[in-house]
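Fold and geometry: a report
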Amino acid sequence: MTTAVSPRPRRFGPLRDKHSRPYLITAGMSMMGDNIEHVITYWVLWQTFHSPWLVGFQVISHWLPFLLFSVVFGGLAEKYDCRRIIQIAQGLFALVSLGWGLLFLTGTLEMWSACVLLVLHGCAGALWGPAEQLMLHDFAERRELPSAVRLNATFKSLGVLAGPVVGSALLLLLGPTWGIFANILFYLPMTLLMARTPFTGHSRSGLVMRERVSILDTPRVIRSVADDKVLVGMIALAGLIAVCVGSSLTVAMPNFADTLGAGDEDGLGYGLLLFANGIGGVIGGFLLEATGLIKADVKAAIVAAVMFGLTSLIVATTSQYGIALAALVLGGIANLAATSVGQAIVQLRAPADRRGRVVGVYGMVGSGMRTGNGITIAWLGALVGVSGAVAVGGIGLMVGAVLIAVLTGLQTARGRRA
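Counting restarts for each chain, with residues numbered from 1 along the sequence as it is written. Local features in a predicted model are, by the rule used here, given only for residues with pLDDT of at least 70; side-chain atom pairs are given and counted only at 80 or more, and totals for whole chains, interfaces and linings are based on all residues. Computation of side-chain values covers all heavy atoms of the structure but excludes hydrogens and water.

1. A few points about the overall build of the protein chain
Helix and strand counts for the protein chain come out as 16 helices and 0 strands. Each principal axis of the C-alpha atoms in the protein chain carries an extent, and together these give about 70 × 50 × 40 Å. Whether a residue is buried, partly exposed or exposed follows from its accessible area with a 1.4 Å probe, protein chains only, as a fraction of its type maximum: under 20%, in between, or over 50%, in that order. Counting across all 418 residues of the protein chain, residues that qualify as buried make up 53%. For the protein chain, the accessible surface area stands at approximately 18600 Å², while carbon and sulfur atoms represent 68% of it. Where the 30 positive side-chain charges of the protein chain centre and where its 21 negative ones centre are 12 Å apart. Where helices and strands are cited, they refer to DSSP runs of H or I of at least four residues and of E of at least two residues respectively, numbered from the N terminus. Accessible areas in this description were obtained via Shrake-Rupley with a 1.4 Å probe; residue shielding takes into account the shown protein chains only. Charged-residue counts in this description rest on Lys and Arg as positive and Asp and Glu as negative, His and the chain ends being excluded. Positions of charges follow a simple convention, taking NZ of Lys, CZ of Arg, CG of Asp or CD of Glu.

2. Considering the environment of V96
Counting through the fold element by element, V96 comes out in helix α4 (residues 82–106). As a C-alpha pair, V96 and H121 span 25 residues in sequence and 6.4 Å in three-dimensional space. The contact definition used throughout considers only heavy atoms, calling two residues in contact when any of these lie within 4.5 Å. For V96, the contacting residues outside a window of four places in its chain are E37, L117, L120 and H121.

3. Some remarks on the nonpolar core
Considering soluble globular proteins, one finds that nonpolar side chains tend to be buried as a cluster. Here, the term nonpolar core denotes a set of buried Ala, Val, Leu, Ile, Met, Phe, Trp, Tyr and Cys residues that are joined through side-chain atoms within 4.5 Å. Counting 56 residues, the largest nonpolar core has L237, F256 and L397 as its most contacted members. Among the secondary structure elements, those contributing two or more residues to this core are α9 (229–244), α11 (253–259), α12 (268–291), α13 (298–317), α14 (321–349), α15 (355–366) and α16 (370–417). Looking at which element gives the most residues to this core, the answer is α14, with 10 residues.

4. Some points on the pattern of salt bridges
What counts as a salt bridge is simple: a side-chain nitrogen of Lys or Arg found within 4 Å of a carboxyl oxygen of Asp or Glu. The tally for this structure, following the rule as stated, stands at 6 salt bridges. Two residues, E132 and K156, come together in a salt bridge whose shortest N-O distance is 2.7 Å. Of the two residues, E132 is situated in helix α5 (residues 111–139) and K156 in helix α6 (residues 145–183); the sequence distance between them amounts to 24 residues. Note on E132: relative accessible area 1%, which makes it buried. Put simply, R143 and E141 hold a salt bridge, and the shortest N to O gap is 3.1 Å.

5. Let's talk about the packing of aromatic side chains
The pairing test for Phe, Tyr and Trp rings, Trp by its six-membered ring, is centres within 6.5 Å, and the orientation test on the planes gives stacked under 30 degrees, edge-to-face over 60, and tilted for anything in between. The final tally for this structure, using the stated rule, is 9 aromatic pairs. Between F69 and F73, the aromatic rings sit 5.9 Å apart at their centres with planes inclined by 45°, giving tilted as the arrangement. Taken together, the positions of F69 and F73, both in helix α3 (residues 52–79) and 4 residues apart, correspond to about one turn of that helix. By relative accessible area, F69 is classed as partly exposed at 29%. Considering the side-chain rings of W178 and F181, the 5.3 Å spacing of their centres and the 50° angle between planes classify their relative orientation as tilted. Here W178 and its partner F181 are both found in helix α6, 3 residues apart, which amounts to about one turn of the helix. Cluster of aromatic residues (ring-pair linked, three or more members): Y23, F139 and F199. Consider the ring centre and the ring normal. A charge sits over the ring if Lys NZ or Arg CZ is within 6 Å of that centre and within 35 degrees of that normal. Over the ring of W128 we find K156, and its NZ or CZ is 4.9 Å from the ring centre. For R370, the ring lying beneath its charged end belongs to W63, and the centroid distance is 4.9 Å.

6. Section: the packing of α6 against α14
As a packed pair, α6 and α14 sit with axes 9 Å apart at the nearest point and diverge in direction by 140°. Viewed along their axes, α6 and α14 adopt a mutual orientation that is oblique. For the element pair α6 and α14, the recorded crossing hand is right-handed. Residues L145, P146, V149, R150, A153, T154 and S157 of α6 form the contact with α14, whose own contacting residues are L336, S340, Q343, A344, Q347 and L348. In this analysis an axis means a line fitted to C-alpha atoms, helices contributing only their contacting stretch, and an angle means the value between N-to-C directions, from 0 to 180 degrees. By definition in this entry, angles of less than 35 degrees are roughly parallel, angles greater than 145 are roughly antiparallel, angles of 65 to 115 are roughly perpendicular, and the rest are oblique. For any helix crossing, the convention is left-handed if the near helix is rotated counterclockwise from the far helix by under a right angle, and right-handed if that rotation is clockwise.

7. Observations concerning the side chain of H38
Structurally, H38 can be placed in helix α2 (residues 20–49). Contact partners of H38, with chain neighbours within four places excluded, come to W43, H62 and H121.

8. Points about the side chain of T200
By secondary structure assignment, the location of T200 is in the loop between α7 (188–196) and α8 (217–224). Excluding residues within four positions of it along the chain, T200 makes contact with D81, C82, R83, M135 and D138.

9. Some details on α6
Residue count minus one, scaled by 1.5 Å, sets the expected span of a helix. With 39 residues, α6 should cover 57 Å at 1.5 Å per step; its first-to-last C-alpha distance of 31 Å lies more than 12% under that length. Along its length, α6 reaches its greatest deviation from straightness, about 115°, at G175, and the proline P176 lies no more than four positions downstream. The quantity called bend is, for any residue, the angle between two axes fitted respectively to the seven residues ending at it and the seven beginning at it.

10. Regarding the state of the cysteines
Cysteine sulfur atoms that come within 2.5 Å of each other are treated as a disulfide pair. Under the defined criterion, the tally for this structure stands at 0 disulfides. Of all cysteine sulfurs, the one in C123 lies closest to C82, which takes part in no disulfide; the gap is 18 Å. Taking the relative accessible area as the measure of exposure, C82 reaches 0% and is therefore buried.

11. Let's talk about α8
All of the buried residues in α8 are D217, T218 and V221. The buried residues of α8 all sit within an arc of 100° when viewed along its axis, so they share a single face. This arc describes the spread of directions from the helix axis toward the C-beta atoms.

12. Remarks on the packing of α5 against α15
Their axes nearest at 9 Å, the elements α5 and α15 cross at an angle of 130°. In this view, α5 runs oblique relative to α15, as classed from their interaxial angle. Handedness of the crossing formed by α5 with α15: right-handed. Of α15, the residues touching α5 (which contributes P130, Q133, L134 and H137) are R355, G356, V359 and G360.

13. Thoughts on a nonpolar patch on the surface
Patch construction takes residues with relative accessible area above 30% that form no salt bridge. Like charges are linked within 9 Å, and nonpolar side chains (Val, Leu, Ile, Met, Phe, Trp, Tyr) are linked within 5 Å. Taken together, L95, L98, L102, L105, L172, L173, L174 and W178 make up a surface patch of nonpolar side chains, about 860 Å² in accessible area. When residues of the nonpolar patch are traced back to their parent elements, those giving at least two are α4 and α6.

Okay, here's the thing in structure tokens:
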């Protein structure tokens with residue numbers, strides 16, 4: 001008797017598909033718009049208010065909605081057409097850019113109105129997340145889902161990398177007011193694509209949640225998947241990355257530039273450090289997709305997380321500029337590998353009837369816990385300096401990732417013996 005062998009996933013399979021290819025590209029454009037808005041509005045807010053408190057609130061307002069509402073938004077993605085949810089999220093992004101533009105144009109920007117728009121922007125990102133991940137299940141077969149998750153993360157990383165460049169160009173050429181108005185255009189392609197694609201986020205599974213969506217779903221969803229130690233381990237790993245490293249490399253970059261002797265007035269050395277931090281994720285995504293070296297398993301996620309912690313430690317402790325650049329690029333590759341593999345494992349193992357809410361839990365932990373990273377680096381930075389705080393975070397990530405691997409392995413072994 002001949003045993004059927006399932007075909008291997010195609011390299012860059014989602015990019016070959018006429019439906020998923022534009023989805024990946026427009027996701028990158030939307031992420032670019034997200035970051036363009038940061039470049040323009042953060043500059044204006046600092047020039048207007050010179051408020052360190054507002055700088056801290058910018059970080060908190062961006063990530064706190066993920067922490068509070070990701071599971072609720074995941075439930076909405078399970079219950080309703082994901083195309084419409086994505087359109088609402090993109091519309092909210094555009095509305096916020098429009099609001100900034102009108103305030104800049106009329107000269108009526110105040111602290112309270114800035115805080116409202118910052119919170120709305122964070123809510124748009126949190127609403128977008130679960131729905132856009134569920135759409136990947138329609139675009140890609142199960143065997144190609146890890147590739148779809150990885151390429152989606154890669155194109156969004158490309159948007160994050162290009163956003164500051166395009167945002168700076170808009171700021172220089174059009175000024176903040178017309179630059180932020182122009183930013184609305186970056187949200188239109190995905191909005192229009194969602195009006196044309198035949199998929200809903202539920203087309204392949206055929207499952208639509210009938211239950212009432214509640215903010216109280218969070219502990220209930222966590223309890224419902226607690227027996228799957230691999231799934232819980234990947235969610236815990238995402239939270240560990242968020243708390244230990246999170247956005248600390250980016251916010252600490254001016255300090256690294258000074259320490260490495262690259263804090264020159266033209267900002268070239270500083271800019272190269274930022275570029276190296278971003279390009280690693282883009283290179284990593286395409287490189288991993290082309291080679292197929294990393295599989296969607298726990299070992300790969302753990303090793304990548306340990307590498308990310310190690311490279312963060314190297315950046316924080318080295319006195320050699322070239323070593324720091326190389327470590328940032330390698331760290332970007334490791335970060336993308338760890339997060340995309342973890343995301344793929346969670347989506348593959350999540351129960352189909354709770355997938356949106358489980359993805360929401362992953363977003364709540366993996367993105368929302370970055371709020372805690374800001375608190376951590378501020379507290380540790382006051383004790384041991386900014387570089388020391390990043391070094392402690394890198395060590396914590398390495399130790400924590402190994403601990404998660406050990407606990408997950410022990411639980412898996414017990415399950416096999418039972």
